[in-house]
Amino acid sequence: MRIGVFICHCGTNIAATVDSHGLAERAAELKDVVHTEDVMYTCSEPGQAGIQRAIREKGLTRVVVAACSPQMHEVTFRRCVEDAGLNPHLFEMANIREHCSWIHDDKELATEKAYEIIKMAVAKVRTAEPLFPNEVDVNKDVLVIGGGVAGIQVALDLADAGLKVTIVERETTIGGTMARLDKTFPTIDCSACILTPRMVDAAHHENITIMAYSEVDRVQGYVGNFVVDIKRKAAMVDWNRCIGCELCVQKCPARGPDYFNAGLAETKAIYIPFPQAVPKRAAIQTDYCRWFQQGKCRVCSRVCPANAIDYDQQDTYVQRKVGAIVVATGMDVFPWEEYYPQYGGGRIPDVISGLQYERMLNASGPTGGHVHRISNHEEPKTVVFIQCVGSRDEAVGRPYCSSVCCMYTAKQAILTKSHCGDDTDVYVFYIDIRATGKGYEEFIKRAQSEFGVNYVRGRVSKLYEDNGKVMVRGMDTLLGHQVEIPADLVILATGTTSAEGAPQLAQTLNISYDEFGFFKESHPKLRPVETNTAGIFLAGACQSPKDIPTSVAQASGTASKVLGLLAKDKLKTSPEVAVVDQSRCVGCWKCIDVCPFSAPEKQELRDGTSRSHVIETVCQGCGICVATCPVNCISLKGFTTDSLIDQLEEALLG
Amino acid sequence: MSDEAVSSERRRLTFADVELGSSIARAARYAGNPYLPETATVVEIIQETPNIKSFRVRFDDEQVQAGFSFQPGQVGQLGVLGIGEATFAINSSPSEKEYLQFSVMQAGEVTIGLHCLSERDKVGVRAPMGRGFPVEEWKGKNLLYVMGGIGSAALRATILYTLEQRAEYQDITILYGARTPVDLTYQYDIDEWEARSDINTVITVDAPFPGWDGRVGFVPAVLEELAPAPANTVAVTCGPPIMIKFVLQALQKLGFADEQVYTTLEKRMKCGIGICGRCNLGPKYVCVDGPVFSLAELRDLPDEL
Amino acid sequence: MKFLARDQLPTLLADLSTAAEVWVPVKQQNGVVQFDRWAPDVDVELDVFLARQSPKENVFPQTETYLEYRYLMVCSAQRPEFTDQTREELRQLVESEGGEVVAEVPPVAQELLLVADVGGGSQGEPGLGSAAGMDDSAQIILGLRPCDARGLSQMDNVFGGYGGFYFDPYYNVRRNNTTIIAVTCRTPRSTCFCRALGGSPAGTEGVDVLMTEIEGGFAVEAVTPKGESLVERSVFEKAQPEVEESAVAAKQAAEAGVNVPFELDGVREGLKAGFDSPVWHDLAMRCISCGTCTYVCPSCYCFNINDEIVEGTGERFRCWDNCFNPMYTLETSGHNPRESKHARFRNRFSHKFWYYPDKYDSLLCSGCGRCIMYCPTHVDIREVLRTMSAETTAEKGEA
Amino acid sequence: MTDSSGNVKIIAIVCNWCSYAGADGAGTARLKQPYDFRVMRVPCTGRVDPLLALKAFEKGADGVLISGCHPGDCHYSEGNYYARRKFELLKRMLPHLGIEPERYTYTWVSASEAARWQQVVTNFVTKVGELGPRQGGAL
Amino acid sequence: MSGAEIARQDRIRELARQALTEGKVDYFIGWKAGHVPSEVIPAFVRNVDECDMLLWNPLCHHNLTTFLKRKMPDPPDARIGVCVKGCDSRTLVALLQETLVDKERLYVVGVPCDGIIDRRRLEKAFSDEVIDIAFQGEQVVVTTRGGETKELAYEELLLEQCASCDFPNPRYYDDLAGELLPQPEGPPRFPGLEEYEALSAEEKDRVLADAFATCIRCFACIHVCPVCYCWDQCVNRSRRPALVGQKVAAKENLMFQMVHMFHVAGRCPSCGACDRSCPVEIPLYLLHRKMNKELFEMLGFQAGLNVEDKPVFQTFNIDDALGEQ
Ligand SMILES: Cc1cc2nc3c(=O)[nH]c(=O)nc-3n(C[C@H](O)[C@H](O)[C@H](O)COP(=O)(O)OP(=O)(O)OC[C@H]3O[C@@H](n4cnc5c(N)ncnc54)[C@H](O)[C@@H]3O)c2cc1C
Ligand SMILES: Cc1cc2nc3c(=O)[nH]c(=O)nc-3n(C[C@H](O)[C@H](O)[C@H](O)COP(=O)(O)OP(=O)(O)OC[C@H]3O[C@@H](n4cnc5c(N)ncnc54)[C@H](O)[C@@H]3O)c2cc1C
Ligand code: SF4
Ligand code: SF4
Ligand code: SF4
Ligand code: SF4
Ligand code: SF4
Ligand code: SF4
């Protein structure tokens, strides 16, 4: 082993407090050190050339540069030694500037300290091994889970860039929540007008496959090489034949609840959620179908011109191999009925959720866009909105802000005025107004001044029916007195919660989720669209409540991250990863348990026993497993226990 | 079992038997301190395969270098002070007086340490150890060498020796296999052997490999194909345990008697001189009674391979 | 035969300690009796039957350094003036530490490796070992039992290069300088079986001087020339005839206290015949493969060799190891010829009663019974040997 | 800021992302610190086996300081959560091994907390300096 | 021996017989008499007619869970019946928590336990060999090889840990041998530490240095420890990484025990198997019992209580309130 040590003066930055020249002489005594040199500016052209020359002429097999922080120049020098034919990981930096010369005054003491820092670096480099980045072939296909606006955006961005994308949507149509909205804040443009073209684009894009009425069943593999099993739920309709004529829907005698209209209306047992559905294909809700329940009917089968009805259809499974997965499963509306008995717990007909109201406002909704009371179908004269139902409320376990309710309330308040006339009294009970987006604050202001919506600051303590009215009792905290408003219609600005089944999905995907079921990003600031599982990304409201602009913006951000990942044919990952000495692994699986990235996996050996194996391309090199393995048979390349112990020894002895 | 019962040739050694100031390398068995390595310098490193390097080392003491001799098949402990020692076959020719060659496959701690060495670095050597092949007994016979992977290291010295003494032996066949062509050691030897008409050299790799137009197949299978006649032939084999197992089966099928088959064993070894205890195969120690055993000898020993 | 009055024991010890380091059994703070250096304030504990460990460690230390070395590196190409300085330093080092410069390799890199070989040299025989290191001063061990002494003499074969094998200077330097004063057992235990192995609670194999406790003191016999000269000392009185008589009586009583739980004849054959016997699995069932038995054994000698280096200064040393250690035979490939517990278990008994006798014409067990006493699960060597010699009988019966 | 040097040997094990960067920041800001500590860089406090700290004591350290990202800020999201349990147990065991509690601490310093880094090391080194070199031999 | 003890013994035999007859297990592990009556050793019973040698008395100190850990059972896939006391059961639970033993292959007989005799302490009271220890109600009759007999009070001979046992009843079992004992109230107790804890740092250091200097690295403590799962690959013996020096000396020995301690942290319930197996009687409880005390004070954690729990170091709580600066 032949180590060269280069000690930088860094002008006077180091040399003023540390005797670089003297150090060069002393370092020469260290075991295996065959060359030392002090240099004015190691990082300069001539400095680097000097290192390269020494590597060649002295046959150096390891290099230490004692200079500034590795965070500053490690990359520089690694490249430098690599150019001279040395593996870049056979290089180590001793930080004698930030950690020595700059923080000390006494030259003698500082020099002594610098010497020890160098000794530590020499010890470390002595145990260094040449490391090579791992390369894996990358599958360039992408799976998007969830076909809401975020999922569609990601899919379109990626498909436009030439990648093959599969969207897995669990409902029979893509579109997500946005498809159910009427108008969108703050522009009050028609939701369908902006969304449906995007849905159609997706449907027709040659690079996009939409798998509606499907769910992800199992995920194996790792970044670049996932294998996903997808369950295609039986729709009882052969979608290859179905032409979406809706004849069956019209003739079907059985009725069932309509999720799409948020329970505001009923739908037929065979249904297509809305006219612009993509794909526009029918499905039978078997729970309500007469044939399935009572064994007679078969009307649909008779009327179907395409002969598409197939009562014997079974769930089928397909497998997709993809390089990256984007999760865009969005959010659900908070099930307020269970939590707010004081608001009638769902038993007062004229108290409805924001999403139901959204459907009511919608021209293609169950009421044809006509706003009326549920109890008597009269047009309401007094409409009260209550904000923060299921948001920012510790009492119901929802401390977070749902981020869209303030805004959609304002939107709906404005729409109420335009639907029911200016003379309608509209009250909004709020705690604070969160209007941080572009044009949002102005939007609220318009609702108040232009449309005359009454904003009352305070919580509503109770809703009760009285004399055909819904009595709204609350506190106006600004004025400091009780208020009681007899309302015709009360709309709860229900907060949002994670999509149903989100935790289970997270487990399938091996990504983390928070206590509310929202998926966790890798780092809230620096890696907001990645998860801790390499190759799995997030978009839209599944990560946290978001409005459409943010969801879409994030979706495009996600798309660019995915593109960044898949732009290469081979994935190069850092070689500083954990590696298991399988001859010693005892298969206790503690490593699998603690790894935040699910990098270790069980690997069966030829003798039938299983040992742990760290998937190099997934491992992020944190070393948690290393500190956990009881046999200490995992080592973290570049930070092996032995190299750390050697460093300790050098720092402590002598 | 008291001292009196001990016959004179089986008596204990005393300090009087000790040659002062010497290490094992200087005087084999009756040496002074058998644990003291002789220092040597790495004079040349040859990268044989991606994970095998050959080290040519020269004793620092010229007298020792000049006086060193060994039997083909004997081994030595090669060590890096500070890391440890491990056992390797001496695979240079016994007639090579300039250096000793060891081929080291990177495996664990010591071998990694060795692979980190550069030319001019120091190593410690304790050699020779153990028992070599009975090459003198084999004179006048056909020789069949069957080896796989790093097993070639254990046989190279013997092959070189018998080739130097070519006239003393009848037909010589060398069957050598590796996983891929990249894993073939001693390419320089192979070229020479293949060029010679007085030996039959068969090189094979486990599976087809881009650019390889030679033979493909596992060593035992190729051996059965070659079907060498057992008459007056000695078969010598070394390689990974699984290969040895099947080679032995193949040889048996071909009609080789246990006495005609030799192999060299690997066991974990520490002292290398029959004291520390671990490399026993029943009452035999691989380090002093081996590593070379005939199959006949092995049959008599407990099966703890 | 001589006589030593009981109250003269301290005088004897004081006397002996002027010439050598004296080791005696001493009750430690936790009540465990172990061999310890004698000093005037140390009470010798001869009542407790056996020390927890035999004094094996006195001749075969658990950790023993073979070699110390230091790396010195000089880079001359850079600064020629520096080389000379280090050469000078090196010379001083060699002078002060007695090492040997083993290599200097000019010209490109000046690499100097300093090896200080410690030990191996016997007294007055320089060259083999050098000044530093090995403790080769004389020592006397008093108060061990005949089985302990016999254990040492059995071990002598392997370290002494019996039959022309290798000679271990480290062990032999100590062994040569050690004088053994054994004490006849007064109250043998139920675990003792020395008699089954041809030994005796008053045995003299490996013993220089044997003391037998009698009324008022000890009957003292010199067994070897080394012993002869030792009992010349004036504290030993000439023995009266009744001393001899009491000694004989005491020895007989002791012998009577030792059971003969199995026949030695046939054990080796039984082990051979039963090598593949499934009985081994049953026998090893409750063994936890720890190796305690080997570490308390007066004759188990297996060891490991390791290097440890810190800052360019390091040493190569050996330390006890044992055949129950699953890593003992573990090969780098992961293959372990004695992978299973019963295979390791089998090795210990086979080694003691078959392999070792084959090679060294000597057993490797003196019947002290420590392995039975200190085995966490009381695996009983007597049971093992009994069972295995029955295996030959079984085989023969079948044949 | 005292610039004194006792004769104690202190090891600071710091994570790459927060505390090492924090220490760099302190250097860049020329915040004077005591001499008697040596920084050892690891990727994450989750990598730090408490045995490593014990090893430092065994090798003769007079003090050991471990510093990483604040809880919740771990670059690998969970490393320091696992680590702090182990570190705390170590902290509680050390006095039991005859090592004064002042000789060991673990703390969180982020990349932006240069001043905090200065203060943490200064306090720690001062405290250990007051105790002086470790006399014990058990570990 | 009290009626309850005899009832337990009978029940153990009965359950063992049953399990073997039904073919539920290949063998049954319990306790039996050693070569002298004062000695109890683990028993491996394969045949129904051997069941009568199984016994239960206050000498049954062996933690039989050890024989269940990886690479101990012979054959490896054996279906095993095993007896566990309260403390033993906690080590079994610890193994079950990490699915390190196969529940399906086990048949566990829980034995409520009144406390085990500290045989070592007792032996030291005699210079002669103790060959018989008999139990007569509250009294223990000890006989030596020389024929001396002595009567002692059972209560006073208990192992320190048994004298203040928090879990006399097994935490996990398929069948129970005897009635459950009353569960002691109050916080867990960690006996035997006070005296040591009261020492100064310097004194502690000396006590430890002295105690650990005598360790012979026989590895009994490691191999006997039921939750030491990687005993055959123990890092203390490995040179990769060189965490523990291979030299046998006080510092290295203590470091070696530190490795053991941290590796069993969260899984060791201080069953004491290691203490009892150490041939040179090193007070290992000073380390692991203390560790358990601290873990309890720190996180309210006790090892091996419920199969569903996770060992402390394999999980975390974001809100752990710990003492960092
Ligand atoms: C009442 C209301 C009014 C709103 N008004 C506005 C507004 O005016 N302006 C505005 O900007 N924002 C508004 N929002 C917010 C807006 O709806 C969201 O920002 C947007 O829908 C988020 O899009 P997404 O794609 O992330 O999720 P979603 O739209 O929720 O889409 C998620 C999709 O994933 C599918 N899915 C879920 N789980 C799975 C699974 N396991 N497998 C397969 N598929 C799955 C779902 O079926 C759905 O199709 C409003 C929200 C509500 C509740
Ligand atoms: C007779 C014989 C001939 C052989 N010939 C060859 C050959 O020609 N070429 C070849 O490549 N292989 C050969 N081998 C195999 C070779 O000996 C092993 O591959 C080698 O021992 C692996 O050592 P390692 O240190 O790399 O592995 P490890 O698994 O790390 O250790 C194995 C050996 O090294 C020792 N060791 C490790 N660390 C230390 C330390 N710090 N101090 C002291 N000792 C330590 C171990 O105790 C052990 O003995 C031969 C083996 C035998 C028995
Ligand atoms: S180093 Fe970190 S990311 Fe890699 S396997 Fe270990 S715990 Fe997982
Ligand atoms: S923690 Fe270690 S021993 Fe356990 S499975 Fe992982 S690598 Fe293997
Ligand atoms: S092989 Fe085993 S029985 Fe034999 S000496 Fe070594 S340790 Fe003892
Ligand atoms: S026989 Fe006993 S002491 Fe020996 S290894 Fe087995 S359990 Fe340990
Ligand atoms: S059982 Fe005792 S002597 Fe043996 S290794 Fe453990 S502590 Fe040391
Ligand atoms: S460390 Fe000791 S007390 Fe703890 S589980 Fe293991 S054997 Fe029992």
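For the structure itself, consult the block above.
Residues numbered from 1 in each chain as written. Chains lettered and ligands numbered in written order. Predicted model: local features only at pLDDT ≥ 70, side-chain atom pairs only at ≥ 80, totals over all residues. Heavy atoms only, no water.

**A look at the overall build of chain B**
Phase 1: The helix and strand tally for chain B stands at eight helices and 15 strands.
Phase 2: Its C-alpha atoms give chain B principal-axis dimensions of roughly 60 × 50 × 35 Å.
Phase 3: Across the 305 residues in chain B, those meeting the buried criterion constitute 62%.
Phase 4: Residue pairs in contact within chain B that sit at least 24 positions apart in sequence constitute 66% of those at least 6 positions apart.
Phase 5: Split by element, the accessible area of chain B, about 11800 Å² in all, is 51% carbon and sulfur.
Phase 6: Each charge sign in chain B was given a centre, from 28 positive and 40 negative side chains, and these centres are 4 Å apart. (Helix = DSSP H or I, 4+ residues; strand = E, 2+ residues; numbered from the N terminus. Buried < 20%, exposed > 50% of the residue type's maximum accessible area, 1.4 Å probe, protein only. Contact = heavy atoms within 4.5 Å. Areas by Shrake-Rupley, 256 points an atom, 1.4 Å probe, with all protein chains shown as cover. Lys, Arg positive; Asp, Glu negative; His and termini not counted. Charge placed at Lys NZ, Arg CZ, Asp CG, Glu CD.)

**Some words on the pattern of salt bridges**
Pairing is possible between side chains that carry opposite charge, provided their charged atoms lie close to one another.
Residues and elements named next belong to chain A.
Phase 1: This structure, assessed with the given rule, holds 99 salt bridges over all chains.
Phase 2: When the shortest N-O distance is used, the salt bridge between arginine 373 and aspartate 488 registers 3.9 Å. Note that arginine 373 is positioned in the loop between α11 (354-361) and β21 (382-389) and aspartate 488 in the loop between β26 (481-487) and β27 (489-494), a separation of 115 residues in sequence.
Phase 3: On the basis of relative accessible area, aspartate 488 is assigned to the buried category, the value being 4%. (Salt bridge = Lys/Arg side-chain N within 4 Å of Asp/Glu carboxyl O.)

**A look at the arrangement of the chains**
Phase 1: When the nine pairs of chains in contact are compared, the highest contact count belongs to chains B and C.
Phase 2: No part of chain B reaches chain D; the closest C-alpha pair between them is 17 Å apart.

**Quick word on the site of ligand 4**
Phase 1: Near ligand 4 lie 13 residues; those nearest to it are Cys585, Cys588, Trp589, Cys591 and Cys629 of chain A.
Phase 2: Counted by class, the shell around ligand 4 contains eleven nonpolar, two polar and no charged residues. (Near = heavy atom within 4 Å. Nonpolar A, V, L, I, M, F, W, Y, C, P; charged D, E, K, R; others polar.)

**Let's talk about the site of ligand 5**
Phase 1: Neighbouring residues of ligand 5: Thr294, Cys300, Tyr301, Cys302, Asn322, Cys323, Tyr328, Asn347, Arg348, His351 and Leu364 of chain C.
Phase 2: Sorting elements by how many residues they give to the shell around ligand 5 places helix α11 (residues 341-360) of chain C first, with three residues.

**A short note on helix α15 (residues 548-566) of chain A**
All names here are of chain A.
Phase 1: Counted at 1.5 Å a residue, the expected span for α15 with its 19 residues is 27 Å, and the 26 Å between its end C-alpha atoms agrees.
Phase 2: Buried within α15 are the following residues: Ser551, Gln554, Ala555, Thr558, Ala559, Val562, Leu565 and Leu566. On an axial view of α15, the arc spanned by its buried residues comes to 150°, and they lie on one face. (Expected span 1.5 Å × (residues − 1). Arc of directions from axis to C-beta.)

**Side note on the pairing of strand β12 (residues 261-264) of chain B**
Residues and elements named next belong to chain B.
Phase 1: Where burial is concerned, the two faces of β12 agree: the one with Val261 and Thr263 and the one with Tyr262 and Thr264 are both buried.
Phase 2: As paired strands, strand β11 (residues 233-238) and β12 are joined by three bridges and run parallel to one another. Paired with valine 236 across the two strands is tyrosine 262, which belongs to β12.
Phase 3: Note that the unit made of β11, helix α7 (residues 241-254) and β12 has a crossover that is right-handed.
Phase 4: Note: β12 against strand β15 (residues 292-294), three bridges, orientation antiparallel. (Pairing = 2+ DSSP bridges. Right-handed = clockwise from strand over helix to strand, strands pointing away.)

**Observations concerning unusual backbone geometry**
Phase 1: With an omega dihedral of -5°, the bond running from valine 278 of chain A to proline 279 of chain A counts as a cis peptide bond.
Phase 2: As for its position among the elements, proline 279 of chain A is in the loop between β15 (270-271) and β16 (283-284).
Phase 3: Cis peptide bonds are those with omega within 30 degrees of zero, and the linkage from aspartate 74 of chain E to proline 75 of chain E qualifies with 0°.
Phase 4: Although it is not a glycine, arginine 30 of chain D sits at a positive phi angle of roughly 55°.
Phase 5: Tracing the backbone shows arginine 30 of chain D in the loop between α1 (19-28) and β2 (37-42).
Phase 6: Located in the positive-phi region is glutamate 281 of chain E, a residue other than glycine, with phi close to 60°.
Phase 7: Structurally, the position occupied by glutamate 281 of chain E is in the loop between α10 (273-277) and α11 (285-299).

All we've got here are geometric facts, nothing functional implied.
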